[in-house]
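Architecture at a glance
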Amino acid sequence: MKRLSRRTIVLGGLATAGTVVAPWRIAQAAVPFPFKLGIASGEPASDSVVLWTRLAPSPLNADGQGGMANADVTVEWQVSTNDRFTSLVASGSVAARYADAHSVHVVAGGLAPDADYYYRFRAQGHISPVGRTRTAPAVGTFGRDLVMAFASCAHYESGYYTAYRRIAEDNPGLVLHLGDYIYEGGTAAGSVREHVGAEIVSLADYRRRYAQYKSDPDLQAAHAAAPWLVVPDDHEVENNYANMVRANNSPALTAAQWTARRTAAYRAYYENMPLRPSSAPTGNAISLFRRVRWGQLATFHMLDTRQFRDDQASGDGWKVSTEADLASRSLTGAAQETWLLDGLAQHYGTWDILGQQVFFARQLDSAGAANMDAWDGYRASRSRIQQGWQQRGVRNPLVLTGDVHRAWANDLKADYANSSSATIGTELVCTSITSGGNGSASTTIPNASNNPHLKFSSDRRGYVRTTISPTQVRADFRAVATVTEHGAPVSTVGSFVIVDGQPGLRPA
């Protein structure tokens, strides 16, 4: 995929200044530029991709409507094989509804497999920035090797989104975001950057918080560079919630108010992400676990580990817990577990990639305690999935994880209590984009003697870049030295390969 040019990124802005961009011409716009939240694409299939934007000329307005009047607006869209839009392959118009905070989710179809495209929108006399997207290879074909980045945990107040900018500069063909795209807390004076408003609770609050985050130019660049696959973690709703159970009662809410808050959070998540309309929430529920096939090369099984989980064992936190071993406990819920194992049994692609939120491998501290918010709090649930992929002969299970603000690379073991037991899979954990601040240069593996299957750790902020081919997955752990100052360079602090048919990590 060719490098995204500066012209591509700024084209929309030039257009609004009066430049004619064929075949669209710019009318004399009487209203402010409405594309201040950028554009995005996602959910690539072999013949279609989702195009997203949301109109918001005044993103931080307290009503969450971004400065838009109470009326629906027609938004036109185009897809082209070049960034000059002289070779259109799809176009149309869609209503941006006031009731949906003027967000649109266009399914652009009729596209060729394993192909690059450019897209843009026009509304109210303005043309949007231009984004680049691509489609998946056709079923039964491998297509090009896939360069993919995955990331999580972008606390706005903790620092600048330099890592998002560096993702864009790596020219990935796909980006996975594994949760904590926003944080729900109120403003904290003295932070690197400050949230607008108190802790978010209402739909207007969540919409404004997304608008604040999505106004960031580095985040917009990452969205414009490639299609995204997204899943939320906890902070898109509230820290460490489990299904309908809150971690605490702060702020104080009745049961009905908590239900309304979760409903609002999921609605705002859908409105602001490039998800297919099939993921639109219904009442208090949203459909987020799904499979995305990347030809014969890979299958992405995107998991939802918040909406259906049992409450954290033993009161949450790091605990020595027998409750965590109960067979009745589940992190995914029974329906999602069955769906996952059924999908793994199909052997659709060479690599079966589980995109999910919380630490998968066993991790014990020096006292033998483990994190009850992670899979260690749901050990029988993890065992059923691991044994399930073994029984189904899954050749290359690869788990991708976020949540913990530190990078890890782990062998997954048939028996974590026996370090010589078979390695049956691999886990790659990205660090955070900003959460936790600058971190440190440490690559010391905490509690290494208790966890010999954990092979790498880094305390820097950044992301993981993977290059997926039919014969191997290469993982480069990318890190920036600082997030409290904008524009730090990125470096690779660790690289590993996973060889087809041989689960586990090898030095690159």
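Model, not experiment: these values are computed from the prediction. Each chain has its residues counted from 1, following the order in which its sequence is written. Thresholds applied to this predicted model are a pLDDT of at least 70 for local features of residues and 80 or more for the giving and counting of side-chain atom pairs; totals over whole chains, interfaces and linings are not thresholded and use all residues. Where side-chain values are given, they derive from all heavy atoms of the structure, hydrogens and water being excluded.

Regarding the overall build of the protein
Secondary structure elements follow DSSP: runs of H or I of four or more residues count as helices, runs of E of two or more count as strands, with numbering from the N terminus. Of regular secondary structure, the protein possesses 7 helices and 24 strands. Within these notes, the globule rule equals 2.2 Å times the number of residues to the 0.38 power, and the radius of gyration is based on C-alpha atoms. A compact globule built from 508 residues would reach a C-alpha radius of gyration of about 23 Å, and the protein, at 22 Å, matches this within 12%. In terms of overall dimensions, the protein has a C-alpha envelope of 70 × 55 × 40 Å along the principal axes. Looking at the protein as a whole, 58% of its 508 residues are labelled buried. Contacts between residues were defined by any pair of non-hydrogen atoms, one from each residue, lying within 4.5 Å. For the protein, restricting intrachain contacts to residue pairs at least 6 apart in sequence, the fraction spanning at least 24 positions comes to 70%. Here the term buried applies to any residue with accessible area under 20% of the maximum for its type, exposed to any over 50%, and partly exposed to those in between, with areas from a 1.4 Å probe on protein chains only.

A short note on the confidence of the model for the protein
On a range of 0 to 100, pLDDT expresses the predictor's confidence in each residue. Looking at the protein as a whole, the pLDDT averages 95, with 95% of positions reaching at least 70. Here residues 1-21 is a poorly scored stretch, pLDDT under 50, and it has 41 contacts once near neighbours within four places are set aside; other chains count.

A few points about the sheet that holds strand β13 (residues 298-302)
The rule for pairing is simple: two strands pair if DSSP sees at least two bridges between them. Taken together, 7 strands build an open sheet; the order of strands is β12-β13-β15-β17-β19-β18-β20 and the sheet is mixed. One side of each edge strand has no neighbouring strand; the edge strands of this open sheet are β12 (290-294) and β20 (454-458). Adjacent strand axes in the sheet meet at a mean angle of 20°, parallel and antiparallel pairs treated alike. Across 6 bridges, the pairing between strand β18 (residues 407-413) and strand β19 (residues 423-429) is antiparallel. Of the residues in β19, the one forming a bridge with Asn410 is Glu427. Helix axes are fitted to C-alpha atoms over the stretch in contact, other axes to C-alpha atoms as well, and angles between N-to-C directions run from 0 to 180 degrees. Docked against the sheet, helix α6 (residues 334-344) engages β12, β13 and β15 (351-355), running at close to 175° with respect to β13. In the packing of helix α7 (residues 379-391) onto the sheet, the strands contacted are β15, β17 (397-401), β18 and β19, and the crossing angle to β19 comes to about 125°.

Some points on unusual backbone geometry
A cis amide bond links Ser250 to the next residue, Pro251, at an omega of -5°. Among the secondary structure elements, Pro251 is positioned in the loop between β11 (228-230) and α5 (255-272). A positive phi is found at His102, a non-glycine position, where the angle reads about 55°. Summarising the element assignment, His102 is placed in the loop between β4 (88-96) and β5 (103-108). According to the relative accessible area criterion, His102 is buried, its value standing at 1%.

Re the pattern of salt bridges
When a carboxyl oxygen of Asp or Glu is within 4 Å of a side-chain nitrogen of Lys or Arg, the pair counts as a salt bridge. According to the stated counting rule, one finds 29 salt bridges in the structure shown. Ionic pairing is found between Arg166 and Glu169, a salt bridge with its closest N-O pair at 3.0 Å. You can see Arg166 and its partner Glu169 sitting in helix α2 (residues 162-169), 3 residues apart, about one turn around the helix. Each member of the salt-bridge network shares a partner with another, and the members are Asp170, Arg465, Arg474, Asp476 and Arg478.

Considerations on α2
When you tally the buried positions in α2, you get 6 out of 8 residues, the bulk of the element. Asn171 sits one or two positions beyond α2 and adopts a positive phi of about 55°.

Looking at the packing of aromatic side chains
Stacked, tilted and edge-to-face are the three classes applied to pairs of Phe, Tyr and Trp rings, where Trp contributes its six-membered ring and a pair requires centres within 6.5 Å; stacked means planes under 30 degrees apart, edge-to-face means over 60, and tilted covers the rest. With the rule as written, the count across this model stands at 18 aromatic pairs. Seen in terms of ring centroids, Tyr241 and Trp258 are 6.1 Å apart; in terms of plane orientation they differ by 65°. Their pairing is edge-to-face. Taken together, the positions of Tyr241 in the loop between β11 and α5 and Trp258 in helix α5 put the pair 17 residues apart, joining distant regions of the chain. Among the aromatic residues, those joined into a cluster by ring pairs are Tyr156, Tyr161, Tyr164, Tyr181, Tyr210, Tyr213 and Trp228.

Digging into the packing of α2 against helix α4 (residues 217-225)
Look at α2 against α4: their axes get within 7 Å of each other, and the N-to-C directions meet at 25°. Between α2 and α4, the angle falls in the class roughly parallel. In this structure, the crossing between α2 and α4 has a hand that is left-handed. In this structure, α2 uses Thr162, Tyr164, Arg165 and Ala168 to contact α4, whose residues at the interface are Pro217, Asp218, Leu219, Ala221, Ala222 and Ala225. The residue makeup of the contact of α2 with α4, split by class, is 7 nonpolar, 1 polar and 2 charged. Each angle gets one of four labels, with under 35 degrees taken as roughly parallel, over 145 as roughly antiparallel, 65 to 115 as roughly perpendicular, and the rest as oblique. In this scheme, a crossing is called left-handed if the near helix is turned counterclockwise away from the far one by less than a right angle; it is called right-handed if the turn is clockwise. Residues are grouped as follows: Ala, Val, Leu, Ile, Met, Phe, Trp, Tyr, Cys and Pro are nonpolar; Asp, Glu, Lys and Arg are charged; all remaining types, including Gly, are polar.

Focus: the pairing of strand β10 (residues 174-177)
Covered by surrounding structure in β10 are Leu174 and Leu176 together with Val175 and His177, the residues of both alternating faces. Of the strand pairs in this sheet, strand β9 (residues 146-151) and β10 are connected by 4 bridges, and their pairing is parallel. What sits directly across from Phe150, in β10, is Leu176. Orienting the strands away from the viewer, one traces the path from the first strand over the helix to the second; a clockwise path indicates a right-handed crossover. Between the parallel pair β9 and β10, the chain is carried across by α2, and the sense of this crossover is right-handed.

What to know about the nonpolar core
Grouped together as the largest cluster of nonpolar side chains are 38 residues, with contacts concentrated most on Tyr161, Tyr164, Trp228 and Tyr269. Counting only elements with at least two residues in this core, the list comes to β9, α2, α3 (203-214), α4, β11 and α5. When residues of this core are assigned to their parent elements, the largest contribution, 7 residues, is made by α5. Not counting residues up to four positions away in its chain, the partners in contact with Tyr164 are Ala154, His177, Asp218, Leu219, Ala222, Trp228 and Ile433. Only buried residues count toward a nonpolar core. Its members are Ala, Val, Leu, Ile, Met, Phe, Trp, Tyr and Cys residues joined through side-chain atoms within 4.5 Å. Residues Ala298, Trp351, Ala407 and Ala409 belong to the second largest nonpolar core, which totals 32 residues.

Examining the packing of α3 against α5
Put simply, α3 and α5 touch, their axes get as near as 8 Å, and they point 35° apart. Crossing hand, α3 versus α5: right-handed. In this structure, α3 contributes Leu203, Tyr206, Arg207, Tyr210 and Lys214 to the contact, and α5 contributes Arg261, Ala264, Ala265, Arg267, Ala268, Tyr269, Glu271 and Asn272. Partitioning the contact of α3 with α5 into residue classes produces 7 nonpolar, 1 polar and 5 charged.

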